[in-house]
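So you can see what is in the structure, the chains are spelled out below.
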Amino acid sequence: GNGAVGNGSVADYSAARAAELRGTIAHHDRRYHELDDPEIPDADYDALVRELRALEAQFPELIVPDSPTQRVGSAPAALFAPVAHRRPLLSLDNAFALEELVAWGKRLERVLGDPADDPVDYVCEPKIDGFAVSLTYEDGVLVRAATRGDGRVGEDITHTVVVIDDVPRRLTLNDPPAVVEVRGEVYMPLAAFAHLNEGQVEAGLPPFVNPRNAAAGTVRQKDPAVAARRRLSLWTYQLGALEGGPSFTSHTETLRWLATAGLPVNPLIETLATLDEVHRFCEARLADRHGLDYEIDGVVVKVDDLRQRDELGSTSRAPRWAIAFKFPPEERTTTLNDIMVSIGRTGRATPFAQLEPVFVGGVTVGQATLHNADQVRAKDVRPGDTVIVRRAGDVIPEVVGPVLAARPEGLPEWAFPTDCPVCGQLLVREEGESDTFCVNVACPARAAGAVIHFASRGAMDIEGLGERTVQQFRQLGLLGHVGDIYRIDWARVGELEGWGETSVANLAGAIEASKGRPLANLLVGLNIRHLGPTGAAALAKAFGHLDAIEAAPEAAMADAPGIGLTIAAAVRRWFDDAANRAVVASLREAGVDFGRIEEPSEPQVLEGLSIVVTGTLQGFSRDGAEDAITNRGGKAPGSVSKKTTAVVVGDSPGGAKLAKARDLGIPILDEAGFVELLATGVVPAPVAVAGGEPPP
């Protein structure tokens, strides 16, 4: 009766949904494998496949031979000559949690028997987020490179793969086998990806969404010169076929042999005895994924023993002896509800995205940065778009780009506002600048940010005068600009809820104490564009008093050691503004010390050196590490450049900084090396950090 009708309805809905999912997945397979232009992140794609697999498990009659769950990849494109693989390049089943890893281990036991009788060793390899390739060597010479294609037939991409430096043209073996076919992953290092996208934006072209797309698009170019310019790399991870060579009993042996043959094998690969150890390896790789100079999206776990592999066999699409432990997604799609503009303490107008909240990178994200007007134009994101949002580690979430296929018809392009959204005055973008500014010194957003900055630790260090207190005092009319800090009506503050006698006395005391801060701190607090702690210290040392700096011609400042034209012009422009001079006058009237020069407490062993710190150190906070550098006369910039002397790496460092350091050959130091550098001023021998060897 009713039950039968109900079941029929469920089955009918499931059949219709399965058909819809097959079509959607096939569309995305083509975008990914053939066009190298995916519309959705891997996490969204995996969710579609999981839903289809669950339906097919519930209703096996829905499984059809061409279901995406039954095949690998996508048909090869007609642009390139087809290459039939000697052995199929299969996909991998996925695990997303320890429970799924353990369930896979139980399935192995059902085939192999009791692990006590036939123990299983596991090989764990970082899962490179790149582009799968097959390389064939005949008598030691590279003769062919092919894409995965549909797993059985791929495309000939030899012309672009041969120009990759990591790909040997000839194996380093005295007596090479007749045929060696090896599988690997072509990837784009993060430093190369950043360089490529800088060029795209400069040329007015949309940036590439991620290194994987960039690598895939590069190897499938017709012109090999494009691949040579973009500096791709390769890791090999599997022997596909071998004719006339040695015999092996384990995967570990094959990897050692591949390395001996001159093929690049990832140094992070480990062989482990238990699934608990495997899971710990996965967690360790997840923790340091941003310390590598390439992207990984998980760990591939393989049975090491080749006899056991034969016993386990494969399904039509995946080996039973391997599984991919996937990391939480760092890219998801969501709706861009609006583009807003915030005004910072220097007046910089920064566009940001108001998003339909989405869980990505371990947190729910509702806002994301869009950097500046050029970036919005290059990415061409518009309110109403479906967009890809990325959050990697502790990096501020950003909108990567739109899903153009999902764009509603007639969606208007977003235009950067001409007026400040806070004060209504005209926004200005100077020639040669990428940023737009509100130049109204009295703009409430600028004024609030300037006060918060003035009171911050790196400036006048007024404990208790944080963002919340500043906003509260401003709303009540107690605080307009920086000079008002020293004229606060404490009687009125004492009447406010939450402000007792002690808290009022503490804040008043902290403000009074700040009057005696060194001149360099005062200069930092004045919020002059381009003037950071190092430049402020140099100005203070050269002129000795704020009145002397205020009166100094631009040329005199530019000639001072450590200043230069850019800082000199910015300082002169700041003091030429009547509103700024009024602030200085109010500080003078309040009794702020304009001439205290702090003698360095440490020997100036780092003078002329530029040290970048990335990641978490055990013995130093981030500010503490930077203070340790600047107190010894060094610079502590936030980014790596050709001028960087060394990069100090702690736990969970920034991948882009590490990658750029390696790319430029800059010494990389651990914490012990940093301590030695602080003591001696001499850069010690670089160390190996997660993700590769130190530069020479």
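Residues numbered from 1 in each chain as written. Predicted model: local features only at pLDDT ≥ 70, side-chain atom pairs only at ≥ 80, totals over all residues. Heavy atoms only, no water.

**Regarding helix 12 (residues 444-454)**
In an α-helix, one full turn covers 3.6 residues, which means residues spaced three or four apart are oriented alike.
Turning to step 1, where the next piece is worked out: A large share of helix 12 lies buried, amounting to nine of its 11 residues.
Turning to step 2, where the next piece is worked out: Buried residues of helix 12: Ala445, Arg446, Ala447, Ala448, Gly449, Ala450, Val451, His453 and Phe454, and no others.
Turning to step 3, where the next piece is worked out: In this fold, the buried residues of helix 12 make contact with strand 12 (331-343), strand 18 (436-438), helix 13 (467-475), helix 16 (519-525) and helix 21 (578-590). (Buried < 20%, exposed > 50% of the residue type's maximum accessible area, 1.4 Å probe, protein only. Helix = DSSP H or I, 4+ residues; strand = E, 2+ residues; numbered from the N terminus. Contact = heavy atoms within 4.5 Å.)

**With respect to helix 22 (residues 622-630)**
Turning to step 1, where the next piece is worked out: Along helix 22, the residues that are buried comprise Ala625, Ala628 and Ile629. The arc enclosing the buried residues of helix 22, seen along the axis, measures out at 100 degrees, which places them on a common side.
Turning to step 2, where the next piece is worked out: On the buried face of helix 22, the contacting elements are strand 19 (611-614) and helix 24 (671-680). (Arc of directions from axis to C-beta.)

**With respect to the side chain of Asn372**
Turning to step 1, where the next piece is worked out: Here Asn372 lies in the loop between strand 14 (363-369) and helix 11 (373-379).
Turning to step 2, where the next piece is worked out: At a separation of 3.1 Å, a polar atom in the side chain of Asn372 contacts the main-chain amide nitrogen of Asp374.
Turning to step 3, where the next piece is worked out: Of note is the side chain of Asn372, whose polar atom sits 2.9 Å from the backbone nitrogen of Gln375.
Turning to step 4, where the next piece is worked out: Excluding residues that lie within four positions of it along the chain, Asn372 makes contacts with Pro351, Ser434 and Asp435. (Polar contact = N/O pair within 3.5 Å; in protein donor to acceptor, adjacent residues only side chain to side chain.)

**As for the pattern of salt bridges**
Turning to step 1, where the next piece is worked out: Summed over all chains, the structure comprises 31 salt bridges.
Turning to step 2, where the next piece is worked out: With a shortest N-O distance of 3.8 Å, Glu330 and Arg390 are connected by a salt bridge. Of this pair, Glu330 sits in the loop between strand 11 (322-326) and strand 12 while Arg390 sits in strand 15 (residues 386-390), and the two are 60 residues apart along the sequence. The same class applies to Glu330 as to Arg390, namely buried.
Turning to step 3, where the next piece is worked out: Linked through salt bridges whose partners overlap, the residues forming this network are Arg289, Glu295, Glu330, Glu331 and Arg390. (Salt bridge = Lys/Arg side-chain N within 4 Å of Asp/Glu carboxyl O.)

**Some details on the pairing of strand 10 (residues 296-303)**
Turning to step 1, where the next piece is worked out: Of all eight residues that make up strand 10, eight are buried, and the element is covered over most of its length.
Turning to step 2, where the next piece is worked out: Pairing geometry for strand 3 (residues 122-128) and strand 10, over seven bridges, is antiparallel. Bridge assignment links Val123 to a residue of strand 10, and that residue is Lys302. (Pairing = 2+ DSSP bridges.)

**Section: the packing of helix 3 (residues 98-112) against helix 9 (residues 275-287)**
Turning to step 1, where the next piece is worked out: Where helix 3 meets helix 9, the axes come as close as 10 Å, and the angle between the chain directions of the two elements is 145 degrees. Crossing of helix 3 against helix 9: the hand is right-handed. Here Leu98, Leu101, Val102, Trp104 and Gly105 of helix 3 come into contact with helix 9, specifically with Leu275, Val278 and His279.
Turning to step 2, where the next piece is worked out: Per-class residue counts for the contact of helix 3 with helix 9 are six nonpolar, two polar and no charged. (Axes fitted to C-alpha atoms, helices over the stretch in contact; angles between N-to-C directions. Left-handed = near helix turned anticlockwise from the far one by under 90°. Nonpolar A, V, L, I, M, F, W, Y, C, P; charged D, E, K, R; others polar.)

**As for the sheet that holds strand 11**
Turning to step 1, where the next piece is worked out: With respect to topology, five strands assemble into an open sheet ordered 2-11-10-3-9, the strand pairing being mixed. Strands at the two margins of the open sheet, each flanked by one partner only, are strand 2 (94-95) and strand 9 (270-272).
Turning to step 2, where the next piece is worked out: As judged from the two bridges shared by strand 2 and strand 11, these two strands associate in the parallel manner. Its bridge partner lying in strand 11, Asn94 is registered against Ala324.

**Describing the environment of Thr644**
Turning to step 1, where the next piece is worked out: For Thr644, the location among the structural elements is in the loop between helix 22 and strand 20 (646-649).
Turning to step 2, where the next piece is worked out: Taking the relative accessible area as the measure of exposure, Thr644 reaches 7% and is therefore buried.
Turning to step 3, where the next piece is worked out: Along the sequence, Thr644 and Gly562 sit 82 residues apart, while their C-alpha atoms lie 16 Å from each other.
Turning to step 4, where the next piece is worked out: Every residue in contact with Thr644, bar those within four places of it in the chain, is listed here: Ser610, Val612, Ser639 and Ile666.
Turning to step 5, where the next piece is worked out: At 2.9 Å, the side chain of Thr644 and the backbone nitrogen of Ser641 are in polar contact.

**Looking at the nonpolar core**
Turning to step 1, where the next piece is worked out: Ranked by internal contacts, the top residues of the largest apolar core, which has 53 residues, are Ile462, Tyr486, Leu522 and Leu587.
Turning to step 2, where the next piece is worked out: Excluding its chain neighbours within four sequence positions, the residues that come into contact with Ile462 are Phe454, Ala455, Ile485, Tyr486, Leu507, Ala510, Ile511 and Ser514.
Turning to step 3, where the next piece is worked out: Among the nonpolar cores identified, the runner-up in size contains 34 residues, and Val123, Tyr137, Val182 and Leu258 belong to it. (Core = buried A, V, L, I, M, F, W, Y, C linked by side-chain atoms within 4.5 Å.)

**Overview of the packing of aromatic side chains**
Turning to step 1, where the next piece is worked out: One pass over the structure, following the stated rule, counts 10 aromatic pairs.
Turning to step 2, where the next piece is worked out: A cation over an aromatic ring shows up here: Arg285 above the ring of Phe281, its NZ or CZ 5.0 Å from the ring centre.
Turning to step 3, where the next piece is worked out: Stacked on the ring of Trp321, the Lys or Arg Arg309 has its end atom at 3.9 Å from the ring centre. (Phe/Tyr/Trp six-rings, centres within 6.5 Å; stacked < 30°, edge-to-face > 60°. Lys NZ or Arg CZ within 6 Å of the ring centre and 35° of its normal.)

**Examining the packing of helix 12 against helix 13**
Turning to step 1, where the next piece is worked out: Where helix 12 contacts helix 13, the axes come no closer than 9 Å and their chain directions differ by 135 degrees. When the axis of helix 12 is compared with that of helix 13, the two are oblique. Crossing geometry of helix 12 relative to helix 13 is assigned as right-handed. Note on element contacts: helix 13 touches helix 12 through Glu467, Val470, Gln471 and Arg474, opposite Pro444, Ala447, Ala448, Val451 and Ile452.
Turning to step 2, where the next piece is worked out: Of the residues belonging to the contact of helix 12 with helix 13, the class tally is six nonpolar, one polar and two charged. (Parallel < 35°, antiparallel > 145°, perpendicular 65-115°, else oblique.)

**Re the sheet that holds strand 20**
Turning to step 1, where the next piece is worked out: Pairing is parallel in the open sheet, where three strands are placed in the order 19-20-21. Looking along the sheet, the strands with just one partner apiece sit at the ends: strand 19 and strand 21 (668-669).
Turning to step 2, where the next piece is worked out: Of the strand pairs in this sheet, strand 20 and strand 21 are connected by two bridges, and their pairing is parallel. Bridging across to strand 21, Val648 finds its partner in Leu669.

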